[in-house]
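Here is what each chain is made of, one letter per residue.
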Amino acid sequence: MNIKNGKISGIQYHPLLESLYEEMHSRPYQVIQCPAHITHFVVLSNELQKAEQFAHLQQLYAAFELPVPQLDQTNLQLETATFKVRREVHLEFTAFTFINSSLSDQAPFECTGLTPLPQGWLEQLPGMVVANFHLALQCIDENDSQLIVNAKKSFENFRLVGSSPQNGDARVWTSFRLHSDGFGRFLIGNIHMSDSQIGRLTQRLIEIETYRMLTLMALPLARENVTVLTAMDEKLVKLTNQLACSEHFSEQGILTQLTAMAAQIEAVRARTAFRYTATFAYYDLVIKRLEELREDEVSGHLSLNEFITRRLTPAVNTCRAVSDRLESLSLRIDRVSDMMRTKVELSIQEQNQLLLTSMDRRSRIQLMMQHTVEGLSVAAISYYSIGLVKYLIEAVDLSLLPIEKSQLIGLSVPIIIGTVWFFTRRVHRRFKNMDDDK
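Residues numbered from 1 in each chain as written. Predicted model: local features only at pLDDT ≥ 70, side-chain atom pairs only at ≥ 80, totals over all residues. Heavy atoms only, no water.

Draft legend 1. The overall build of the protein chain, seen in detail. Counting secondary structure elements, the protein chain contains nine helices and eleven strands. Taken over C-alpha atoms, the radius of gyration comes to 46 Å for the protein chain, far larger than the 22 Å a tight globule of 438 residues would show. Projected onto its principal axes, the C-alpha positions of the protein chain cover 155 × 70 × 45 Å. By residue count, 39% of the 438 residues in the protein chain fall in the buried class. Once local pairs closer than 6 in sequence are excluded, the contacts in the protein chain between residues at least 24 apart make up 70%. When the accessible area of the protein chain is evaluated, it comes to approximately 26500 Å², of which 56% is carbon and sulfur surface. If you average the places of the 44 positive and of the 49 negative side-chain charges in the protein chain, the two averages end up 8 Å apart. (Helix = DSSP H or I, 4+ residues; strand = E, 2+ residues; numbered from the N terminus. Rg over C-alpha atoms; globule rule 2.2 N^0.38 Å. Buried < 20%, exposed > 50% of the residue type's maximum accessible area, 1.4 Å probe, protein only. Contact = heavy atoms within 4.5 Å. Areas by Shrake-Rupley, 256 points an atom, 1.4 Å probe, with all protein chains shown as cover. Lys, Arg positive; Asp, Glu negative; His and termini not counted. Charge placed at Lys NZ, Arg CZ, Asp CG, Glu CD.)

Listed below in structure tokens is the structure:
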């Protein structure tokens, strides 16, 4: 067996083989030493802004005198002895994670993951920030009676949500609020987790908060749509009642209104379809990550699972209800439009039937008039033909014949009339046969 460059000679390989293998490792879990200070940014970005972010990250590599990557990737990581910057590119956003592992005796959030950054670099980051929060990792003693008291001091007296994830191997506290520095906060206490385990826990918490914020982005849009849908629903009810109960209405006017409503609904669907679909997908990810935490309750506090599902699930259900209502209204408008079109088509068919009846009556009248004209035509043609024959007879010498000219003229009259009538009927029959052949 001849193997060259990791491939067996003579075998055809799919061009995506290597990339499919690497996809499973495109976003590996971090290995984080405790203590550490972490800051996470979620930035909504289009393709142009993602390219600008890569160029901006290249400047950071240069600032830390590290080799500058020339090719953009889904996952890029800058790493020094005590500082890491991780950039992950997603469909509609980019995530930046700053990990500061330098030892510090300061309070949990006085030193953050942003502390080692060069002055002014973060302020020039392209894109729109939709979530930003600090995470402070500390090694703690589970028997310390001052754990909760000390934790509260780090959250500016906000009400805490806390739990004991990973079957009690850690403690997590948060408030799900923006603090005076404009950031959210998570305090993670490591009891006896390894660096890999604390890295996975931190990643799950980051994803929960990221996807929670992205899930809620559709809620203001849903509230805005409710007002529009309610007004259109009421208008559709009025139009339907008018069709059902009134015999006198403008078909063209109703069709115009229905067409305008259908166009408005399609515009709303085009503007909101991606946002609602993304919301449902992000919500599923949040629920999945919460299940992976395997939380135990901390006495006196709501767990992350309880707090998030209690607040987030109704918001998602609202978005789902508005999305379903949007689809339902679109279908109802289509049904009313179909009914209106059927009514218009029946009206047109009735008008066409009346028109055909009228045309048939006119055809019969025209046929009767034609027969009358044909009779008059026979008489007129016969009259002029007899006159011509009379001139011919008077011009000819008939002395040798045993009949007088006046008698001959009289005998020619029925012959001429019969001949004219015969040829007229023949022409009439010919045209009728041509019409039947069509």
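Alright, that's what it looks like, and here's the rest.
Draft legend 2. Main features of the pairing of strand β3 (residues 36-44). Among the nine residues in β3, nine count as buried, and that is most of the element. Here β3 shows no split at all, with Ala36, Ile38, His40, Val42 and Leu44 on one side and His37, Thr39, Phe41 and Val43 on the other all buried. One ladder, built from nine bridges, connects β3 with strand β7 (residues 128-139); its direction is antiparallel. Note on β7: the bridge partner recorded for valine 42 is alanine 131. (Pairing = 2+ DSSP bridges.)

Draft legend 3. Structural detail: a positive patch on the surface. A cluster of like positive charges, contributed by Arg159, Arg177, Arg310 and Arg311, occupies part of the molecular surface. Relative to the helices and strands, arginine 310 resides in helix α8 (residues 304-395). Taking the relative accessible area as the measure of exposure, arginine 310 reaches 54% and is therefore exposed. (Patch = residues over 30% accessible without salt bridge, like charges linked within 9 Å, V, L, I, M, F, W, Y side chains within 5 Å. Salt bridge = Lys/Arg side-chain N within 4 Å of Asp/Glu carboxyl O.)

Draft legend 4. Broad picture of the nonpolar core. By size, the foremost hydrophobic cluster in this structure holds 65 residues, and its most contacted members are Leu135, Leu137 and Leu304. Not counting chain neighbours up to four residues away, the residues in contact with leucine 135 comprise Ala36, His37, Ile38, Phe109, Phe186, Ile188, Thr202, Leu205 and Ile206. Phe83, Val85, Leu114 and Trp121 belong to the second-largest nonpolar core, a separate cluster that totals 17 residues. (Core = buried A, V, L, I, M, F, W, Y, C linked by side-chain atoms within 4.5 Å.)

Draft legend 5. The arrangement of the packing of helix α6 (residues 218-245) against helix α7 (residues 251-293) in detail. The N-to-C vectors of α6 and α7 enclose an angle of 155°; their axes lie 11 Å apart at closest approach. The angle between α6 and α7 places the two elements in the roughly antiparallel class. Between α6 and α7 the crossing geometry is left-handed. Residue composition of the contact of α6 with α7, grouped by class: 15 nonpolar, six polar and four charged. (Axes fitted to C-alpha atoms, helices over the stretch in contact; angles between N-to-C directions. Parallel < 35°, antiparallel > 145°, perpendicular 65-115°, else oblique. Left-handed = near helix turned anticlockwise from the far one by under 90°. Nonpolar A, V, L, I, M, F, W, Y, C, P; charged D, E, K, R; others polar.)

Draft legend 6. Layout of the environment of alanine 315. By the element assignment, alanine 315 lies in helix α8. A relative accessible area of 9% places alanine 315 in the buried class. With 274 residues separating them along the chain, alanine 315 and phenylalanine 41 place their C-alpha atoms 23 Å apart. In this structure alanine 315 touches Leu216 and Leu219, once residues within four positions along its chain are discounted.

Draft legend 7. Expanded view of the pairing of strand β8 (residues 161-164). Burial along β8 is two-sided: Val161 and Ser163 and Gly162 and Ser164, pointing in opposite directions, are all buried. When β8 meets strand β9 (residues 170-174), the two strands line up antiparallel, connected through three bridges. Its bridge partner being in β9, serine 163 is matched across the sheet by valine 172. Inspection of the sheet shows β8 paired to strand β11 (residues 296-297) by two bridges, in the antiparallel sense. Bridging across to β11, serine 164 finds its partner in aspartate 296.

Draft legend 8. Expanded view of the packing of helix α5 (residues 195-216) against α7. Relative to each other, α5 and α7 sit at 150°, their axes nearing to 8 Å. Classified by the angle between their axes, α5 and α7 sit roughly antiparallel to one another. Both α5 and α7 take part in a crossing whose hand is left-handed. Contacts between α5 and α7 involve Leu201, Arg204, Leu205, Glu207, Ile208, Tyr211, Arg212, Leu214 and Thr215 from the first element and Arg275, Thr279, Tyr282, Tyr283, Leu285, Val286, Arg289, Leu290, Glu292 and Leu293 from the second. Counted by class, the contact of α5 with α7 contains eleven nonpolar, two polar and six charged residues.

Draft legend 9. How the structure looks around unusual backbone geometry. The peptide bond linking cysteine 34 to proline 35 adopts the cis configuration, its omega dihedral lying at 10°. One non-glycine residue, arginine 294, lies in the positive phi region at around 55°. In this structure, arginine 294 sits in the loop between α7 and β11.

Draft legend 10. Spotlight on the pattern of salt bridges. This structure, assessed with the given rule, holds 15 salt bridges. For glutamate 79, the salt bridge identified is with lysine 84, shortest N-O distance 3.9 Å. Look at glutamate 79 and you get partly exposed, because its relative accessible area is 43%. Here aspartate 181 makes a salt bridge to arginine 185, at a shortest N to O gap of 3.6 Å.

Draft legend 11. Fine view of the packing of aromatic side chains. Throughout the structure, instances matching the rule amount to eleven aromatic pairs. Taking the centre distance of 5.9 Å and the plane angle of 70° together, the rings of phenylalanine 109 and phenylalanine 155 count as edge-to-face. Here phenylalanine 109 is found in the loop between β6 (93-100) and β7, whereas its partner phenylalanine 155 is found in the loop between α3 (147-153) and β8, with 46 residues between them in sequence. The exposure classification of phenylalanine 109 matches that of phenylalanine 155, with both residues buried. (Phe/Tyr/Trp six-rings, centres within 6.5 Å; stacked < 30°, edge-to-face > 60°.)

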